[in-house]
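Coordinate analysis (summary)
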Amino acid sequence: MSKRLLFLAAIALPLGACATAAPRVEVTRFHTGNPAQSGTVAVEEMPGNPDISLEFRTYAAAVSQEFQRVGFTAAGDGAQSDYVALVSFSRTFRPSGPDRSSDKPVSVGMSGGIGSGGGRRGGTFGGLGLGVGINLSGKPKDIVTTELHVQLRRRSDSTAIWEGRASTQAKQGSPAAQPAAAAQKLAASLIGGYPGESGRTIMVK
């Protein structure tokens, strides 16, 4: 095998590992009968949303985009929509391993020996060993769990015609844990294939 082929094979393995390590999304949907698959939709914040912030716009845009992909139309500014999509999201953190941030960062060990040596002129010899251990691991990154909850209601009578939840996990600081990436992934996994099978929990890659 040529050096070029060996090089390509070597870099292909890490790339393949990264692809398979992409976080999956757990999705559960509920609906009765055959919910509407067209009409205008406005996205609004769900009452009691625990994370009220400007970040909501990121999730609202992702949800609106996905509903348009499956046949709905975004309501114009000030227009009365046929349906309203109520959106809530949350993010929680949990440790991914033992906290080693309190460990001593540097440890030093010394050992030595002195003895007599015999030679034509006589003399002494000495030996000194020095070992240094440095802990650079610090505190492990937390695991971030992000959850999206969407409820589609008919505006005329506030009847809920479809509802779903999606959640995913990623290591804090990773690309998959960033709000924009998480919002897009969750919305696509939850609304893609709308309306989906009611009452069944599935895993989406």
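Residues numbered from 1 in each chain as written. Predicted model: local features only at pLDDT ≥ 70, side-chain atom pairs only at ≥ 80, totals over all residues. Heavy atoms only, no water.

A few words now on the packing of helix α2 (residues 56-69) against helix α3 (residues 179-191). Where α2 meets α3, the axes come as close as 9 Å, and the angle between the chain directions of the two elements is 30 degrees. As the angle between them shows, α2 and α3 are arranged roughly parallel. Crossing angle aside, the handedness with which α2 passes α3 is right-handed. Note on element contacts: α3 touches α2 through Pro179, Ala180, Ala182, Ala183, Gln184, Leu186, Ala187, Ala188 and Ile191, opposite Thr58, Tyr59, Ala62, Val63, Gln65, Glu66 and Phe67. Residue classes in the contact of α2 with α3 are distributed as twelve nonpolar, three polar and one charged. (Axes fitted to C-alpha atoms, helices over the stretch in contact; angles between N-to-C directions. Helix = DSSP H or I, 4+ residues; strand = E, 2+ residues; numbered from the N terminus. Parallel < 35°, antiparallel > 145°, perpendicular 65-115°, else oblique. Left-handed = near helix turned anticlockwise from the far one by under 90°. Contact = heavy atoms within 4.5 Å. Nonpolar A, V, L, I, M, F, W, Y, C, P; charged D, E, K, R; others polar.)

Quick look at α2 now. Taking 1.5 Å per residue, 14 residues should reach 20 Å; α2 reaches 20 Å between its end C-alpha atoms and fits that length. Regarding α2, the residues found buried are Phe56, Tyr59, Ala60, Ala62, Val63, Ser64, Glu66 and Phe67. Packing partners of the buried residues in α2 comprise β2 (39-45), β3 (72-74), β4 (83-94), β7 (143-154), β8 (159-171) and α3. Once α2 finishes, Gly71 follows within two positions and takes phi at roughly 125 degrees, a positive value. (Expected span 1.5 Å × (residues − 1). Buried < 20%, exposed > 50% of the residue type's maximum accessible area, 1.4 Å probe, protein only.)

Once that is clear, we can look at the confidence of the model for the chain. In this model, the chain carries an average pLDDT of 78, and 67% of its residues clear a pLDDT of 70 or more. The model gives residues 100-132 a pLDDT under 50, and that stretch makes 44 contacts with residues more than four places away or in other chains. (pLDDT = per-residue confidence, 0-100.)

Another point: α3. For α3, built from 13 residues, the straight-helix expectation of 18 Å at 1.5 Å per residue is met to within 8% by its first-to-last C-alpha distance of 18 Å. Those residues of α3 not exposed but buried are Ala182, Ala183, Leu186, Ala187, Ser189, Leu190 and Ile191. Those residues of α3 that are buried lie in contact with β1 (25-31), α2, β7, β8 and β9 (201-204).

It is worth spelling out the pattern of salt bridges at this point. The full count for this structure, using the stated rule, is six salt bridges. Close ionic contact of Glu197 with Arg200 constitutes a salt bridge, the shortest N to O distance being 3.3 Å. We classify Arg200 as partly exposed; its relative accessible area is 47%. (Salt bridge = Lys/Arg side-chain N within 4 Å of Asp/Glu carboxyl O.)

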